[in-house]
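# Summary of the model geometry
Letter by letter, the chains look like this.
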Amino acid sequence: DRQMLLMLMTEDEASIDPWPRLDWIERFWAVAGPHGSGAYVGFLGGDEPSDVHAAYPDATYARLAAVKRTWDPTNRLRMNHNIEPGPDLPAGRSPA
């Protein structure tokens, strides 16, 4: 098995209907997506919490949520691919 990064995108002139190309990307991803895992956050098309969570292994996401809880507990910095503030880390663990 080999790892690879796959990014699908389309760019059209404003006068061209983008939906056939977008439909192709959705159909392609429906077939290819289940065979992979993870995502590069900078490539996420949306900002659904499930998409953001899928971009990180569970342990990494939990650590990032703990960091967010420490440094941004009110979730003020949320205008991005947001990670909600999570529970505190266990005693003796540093968020950084």
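Our subject is the structure that appears above.
Note that the structure is predicted; figures quoted are calculated from it, not measured. (Residues numbered from 1 in each chain as written. Predicted model: local features only at pLDDT ≥ 70, side-chain atom pairs only at ≥ 80, totals over all residues. Heavy atoms only, no water.)

## A short note on the overall build of the protein
Counting its secondary structure elements, the protein contains 3 helices and 0 strands. In the protein, the succession of α and β elements from N to C terminus is α-α-α. Split into buried and exposed, the 96 residues of the protein put 16% on the buried side. Accessible surface for the protein amounts to roughly 8,100 Å². Of this, 55% is attributable to carbon and sulfur atoms. (Helix = DSSP H or I, 4+ residues; strand = E, 2+ residues; numbered from the N terminus. Buried < 20%, exposed > 50% of the residue type's maximum accessible area, 1.4 Å probe, protein only. Areas by Shrake-Rupley, 256 points an atom, 1.4 Å probe, with all protein chains shown as cover.)

## A word on the side chain of N82
Mapped onto the secondary structure, N82 falls in the segment after α3 (58-71). Reaching out from N82, the side chain makes a polar contact with the side chain of E84 at a distance of 3.5 Å. Once you skip the residues sitting within four places of it in the chain, N82 turns out to touch V52, K68, N75 and L77. (Polar contact = N/O pair within 3.5 Å; in protein donor to acceptor, adjacent residues only side chain to side chain. Contact = heavy atoms within 4.5 Å.)

## As for the nonpolar core
Listed in full, the 7 residues of the largest apolar core are V41, L44, V52, A55, Y61, A65 and I83. Not counting chain neighbours up to four residues away, the residues in contact with V41 comprise A55, Y56 and H81. (Core = buried A, V, L, I, M, F, W, Y, C linked by side-chain atoms within 4.5 Å.)

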